[in-house]
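Observations on chain architecture
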Amino acid sequence: MGRSDRSGSDNRQCVVEAVAMAGSRLERFGTVFSRVRDLMRSGVIKPTQKPIWYDVYQAFPPKREPLYVKPHSRPSTKRQEAVPDIFYREDDVRAKFYEQYGTGPRAFDPSKPNFVSTCQRFVDKYTELKSHSGLDDCALFEETGKALLKDGIVLRRRGAPPVSAESRDPVLELKLTDMLAEQQSMGAVSEETMEHTPHTSQTSAT
Amino acid sequence: MAARAMTRGILGLRHSRAVTFGYSCGGSHYATAASIKPPPPQNEDVSDKIMKLPLEKPDFFRVSELFSLKDLFDARVHLGHKKGCRHRLMEPYLYGCRLDQDIIDLDQTVEHFQQALNFTAHVAYRGGIILFVTRRRQFGHLVETTAKDCGEYAHTRYWQGGLLTNAPIQYGPGVRLPDLIVFLSTLNNVFQPHVGIRDAAKMNIPTVGVVDSNCNPSLVTYPVPGNDDTPAAIELYCRLFKMTINRAKDKRRQMELLHSLSAPSTPS
């Protein structure tokens, strides 16, 4: 009983709503607006069924009509680079800084809006010194390093400096296994080895 | 399954409102103010004035005051994806490429966003249904709460094929479809264009969408080039949409009160 009533009211609703929005489902042909406009002009959509957004779109159309763009399937010929790379003059300085000093003593904190990193301070100081004095790049680099040292930022060079053969202490060449074998073989000369091993252990620790 | 029941419940609520529209507002053209009870009879010219007046001003709801370029920058809206992920059609919206990462042009974003918010405000003013869609699970809850706070709808779950195109069968006859769909991210979980964009175009529903540098903006009616991955950016978008819609609805109530007060003076 209730069911038949419901279906009756549903039918009435269908009559009210079913005629609404006869549409065209061709999303690749024209824009949403052009299709609705043409349907209204031809009388398929009655003026009473005009969509809510129609007048708003007419008053404030978008910058670009939302037409469907076909994707190019063929391998495209080399077209010119549409999006330029962003480089600044200070990037030379930044590159040299990162090469020599690594990231620097203080870690980046991108959550702070006005955060100035070590590299940025270096670059600022570099540009400042460049405007004052007319030194060349390498000297200016050193000067900036010294200036930052004065401010209290210690810049440690990245990577070990290249080591020459002569400067190396010959004692460091000794391996502990060899020393142990020596010690065991020369068990009688224990005094000298006792003196010797603390000395070598110290030097090998450094 | 639960999602389907939820959306059915949501669209079912609208369904009951649609019923009252069919019977009571015989004379007026468009779906007017959202209320369960039939709206009080108004003069034709009063309702016309309410509808036409906002369209005459370029920024009736003053959406341009809601955000600035600095706000967009602080929310990291300008950060796009890497150069390899770039979509060909997004190239006009990009400012440049910094160390292989695309930077979106915020000047263009400001203009597009203002247009999009303006459109949303006008649709909300006229009592349109707005559906928020995103398939980013990270922001699903945020988008749902945003929709709830402004009295609109959200669909952040799996998009069934016939949701818009087969709605009368899936949700019952006489269901009212959304008048605007807002995409907080136009991609789905496998980095392909969301089906909803194509379906909305098929059903002649305008869309507003945040398009990142790897998205296809061609079918979106009012694209907003911007970052769709950072939580800060998405929170900004949600906040701004919520504020616009609430502002538009408040304005509508205000206009109706204003004109219904002056209505008795005009002859019916």
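In what follows, the structure referred to is the one given above.
Owing to the predicted nature of the structure, the values given are computational and were not obtained by experimental measurement.

**Describing the overall build of chain B**
Within chain B one finds 8 helices and 8 strands. Counting the 268 residues in chain B, one finds 54% classified as buried. Considering only residue pairs separated by 6 or more positions, chain B has 68% of its internal contacts joining residues 24 or more positions apart. Total accessible area on chain B is roughly 11,600 Å²; 58% of this is exposed by carbon and sulfur atoms.

**A closer look at the interface of chain A and chain B**
With 45 residues of chain A in contact, the opposing surface of chain B contributes 53 residues. Between chain A and chain B, the buried area comes to about 4,200 Å², and carbon and sulfur atoms account for 59% of it. Counting the surface chain A buries against chain B, the share from its top three residues, Arg25, Ile52 and Phe60 of chain A, is 18%. Summed over the shared surface of chain A and chain B, the result is 4 salt bridges. The salt bridge involving Lys63 of chain A is made with Glu111 of chain B; its shortest N-O contact spans 2.8 Å. One can count 15 residue pairs in polar contact (both at pLDDT 80 or more) joining chain A with chain B.

**A few points about unusual backbone geometry**
Residues and elements named next belong to chain B. Even without glycine at this site, Asp100 takes up a positive phi of about 75°. Position of Asp100 relative to the elements: it lies in the loop between β2 (94-98) and β3 (101-104). With a relative accessible area of 39%, Asp100 lands in the partly exposed category. Despite not being glycine, Asn204 has its phi angle at roughly 55°, a positive value. The topology assignment puts Asn204 in the loop between α7 (195-202) and β7 (207-211).

**Digging into the sheet that holds strand β6 (residues 180-183) of chain B**
By definition, the strands of a sheet pair up through backbone hydrogen bonds, in either a parallel or an antiparallel sense. All names here are of chain B. Taken in spatial order, the 5 strands line up as β5-β4-β6-β7-β8 in an open sheet, and their pairing is parallel. Of all the strands in the sheet, the pair left with one neighbour each is β5 (153-155) and β8 (222-225). For this sheet, the mean angle separating the axes of adjacent strands, direction not counted, is 20°. In this sheet, β8 lies alongside β7 in parallel orientation, the contact comprising 4 bridges. Opposite Val210, over in β8, you have Val224 as the bridge partner. Along the sheet, helix α4 (residues 106-125) makes contact with β4 (130-133), β6, β7 and β8, crossing β8 at roughly 140°. Packed onto the sheet, helix α8 (residues 231-262) meets β4, β6 and β7 and runs at close to 175° relative to β4.

**Section: the pattern of salt bridges**
Scanning the entire structure with this criterion turns up 24 salt bridges over all chains. Linking Asp38 of chain A and Arg41 of chain A is a salt bridge whose minimum nitrogen-to-oxygen distance equals 3.9 Å. A residue pair is termed a helical-turn pair when its members lie 3 or 4 positions apart in one helix, as Asp38 of chain A and Arg41 of chain A do in helix α2 (residues 32-42) at 3 residues. Looking at Asp38 of chain A, the relative accessible area reads 33%, which means it is partly exposed. Between Lys249 of chain B and Glu152 of chain B there is a salt bridge; the shortest N-O distance is 2.8 Å. Within this pair, whereas Lys249 of chain B is found in helix α8, its partner Glu152 of chain B is found in the loop between α5 (140-149) and β5, the two being separated by 97 residues in sequence. Through salt bridges with shared partners, one network takes in Glu27 and Arg28 of chain A together with Lys202 of chain B.

Reading the values: the criteria
Each chain carries its own residue numbering, running from 1 in the direction its sequence is written. Lettering for chains starts from A, numbering for ligands starts from 1, and both go in the order in which the items are written. For a predicted model such as this one, the threshold for reporting local features is a pLDDT of at least 70, and the threshold for listing and counting side-chain atom pairs is 80 or more; totals across whole chains, interfaces and linings nevertheless cover every residue. Water and hydrogen atoms play no part in the side-chain values, which are based on all heavy atoms of the structure. Each helix is a run of H or I in the DSSP string that is no shorter than four residues. Each strand is a run of E no shorter than two, and both are numbered from the N terminus. Relative accessibility decides the category of a residue: with a 1.4 Å probe and only protein chains considered, values under 20% of the type maximum give buried, values over 50% give exposed, and everything between is partly exposed. Here a residue-residue contact requires only that any non-hydrogen atoms of the pair lie within 4.5 Å. Computed by Shrake-Rupley with a 1.4 Å probe, the accessible areas treat only the displayed protein chains as cover when residues are assessed. What gets called buried area is simply the loss in accessible area from a 1.4 Å probe that two parts show on being joined, summed for both. Salt bridge, as used here: a side-chain nitrogen of Lys or Arg that lies within 4 Å of a carboxyl oxygen of Asp or Glu. Contacts described as polar in this section are N or O atom pairs within 3.5 Å, which, within protein, must combine one atom able to donate a hydrogen with one able to accept it, while residues neighboring in sequence count only if both atoms come from side chains. For two strands to be treated as a pair, DSSP must find no fewer than two bridges joining them. Axis definition: a line fitted to C-alpha atoms, over the contacting stretch in the case of helices. Angles run 0 to 180 degrees between N-to-C directions.

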